[in-house]
Amino acid sequence: MGAPDSLEGPSTLFLSGDDAEAKRTVGGLLAELGWPAESLLDLGGITTARGQEHYSLLFLGIAGAIGTYGFGIRVVPPTRS
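Predicted model only: the values in this text are computed from it and were never measured. (Residues numbered from 1 in each chain as written. Predicted model: local features only at pLDDT ≥ 70, side-chain atom pairs only at ≥ 80, totals over all residues. Heavy atoms only, no water.)

## Some words on the side chain of Lys 23
Cut-off, in case you're wondering: The helix and strand labels rest on DSSP assignments: H or I over at least four residues marks a helix, E over at least two residues marks a strand, and numbering proceeds from the N terminus. Polar contacts, as counted here, are pairs of nitrogen or oxygen atoms within 3.5 Å of one another; within protein the pair requires one atom able to donate a hydrogen and one able to accept it, and residues that are adjacent in sequence qualify only if both atoms are side-chain atoms. Contacts are assigned to residue pairs that have any heavy atoms within 4.5 Å of one another.
Positionally, Lys 23 belongs in helix 1 (residues 20-32). At 2.7 Å, the side chain of Lys 23 forms a polar contact with the side chain of Asp 42. Apart from residues lying up to four places away in sequence, Lys 23 is in contact with Leu 15, Ser 16, Gly 17, Asp 42 and Gly 44.

Here is the structure:
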């Protein structure tokens, strides 16, 4: 997380929470670490954090499959026509 330029391509970081100012603060801290604003995806209120908690299981499965924890996930939206 502290070295976004160590990945071959862009990743998506998820934000959840009911406090807009807190999310702006976190976004600023991530920017200081080198994450571009387009990498941040605000999922909404704090109830959306449950999905991120479950992401840890997916993360461990992927890490086991590829043999490293050094990877990112990217949300790829459909093309606009």
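## Concerning the pattern of salt bridges
It is possible for side chains of opposite charge to pair when their charged atoms get near one another. Applied cut-off: Salt bridge criterion: a side-chain nitrogen from Lys or Arg within 4 Å of a carboxyl oxygen from Asp or Glu. Between buried and exposed lies partly exposed: a residue is buried under 20% and exposed over 50% of the maximum accessible area for its type, with that area taken using a 1.4 Å probe on protein chains only.
Applying the stated criterion to the full structure yields 2 salt bridges. Taking the shortest distance from any N to any O, the salt bridge between Arg 24 and Glu 21 comes out at 2.8 Å. Highlighted residues: Arg 24 and Glu 21, both in helix 1, separated by 3 residues, approximately one helical turn. On the basis of relative accessibility, which here comes to 53%, the residue Arg 24 falls in the exposed class. Residue classification places Glu 21 among the partly exposed positions, given a relative accessible area of 45%. Here Lys 23 ties to Asp 42 by a salt bridge, and the two come within 2.7 Å at their closest N and O atoms. Here Lys 23 is found in helix 1, whereas its partner Asp 42 is found in strand 2 (residues 40-44), with 19 residues between them in sequence. A residue is classified by how much of its surface remains accessible, and Asp 42, at 45% relative accessible area, is partly exposed.

## Focus on helix 2 (residues 49-66)
Residues that lie three or four places apart on an α-helix share one face, since the helix turns once every 3.6 residues. Spelled out, the test is: In this analysis, the expected span of each helix is defined as 1.5 Å times one less than the number of residues it contains. Note that bend, as reported per residue, equals the angle between axes fitted to the 7 residues terminating at that residue and the 7 residues originating from it.
The terminal C-alpha atoms of helix 2 lie 26 Å apart, and with 18 residues this matches the ideal 26 Å at 1.5 Å per residue to within 8%. For helix 2, the principal kink sits at Ser 56 and spans about 25°. Just past helix 2, the residue Gly 67 takes up positive phi, approximately 80°.

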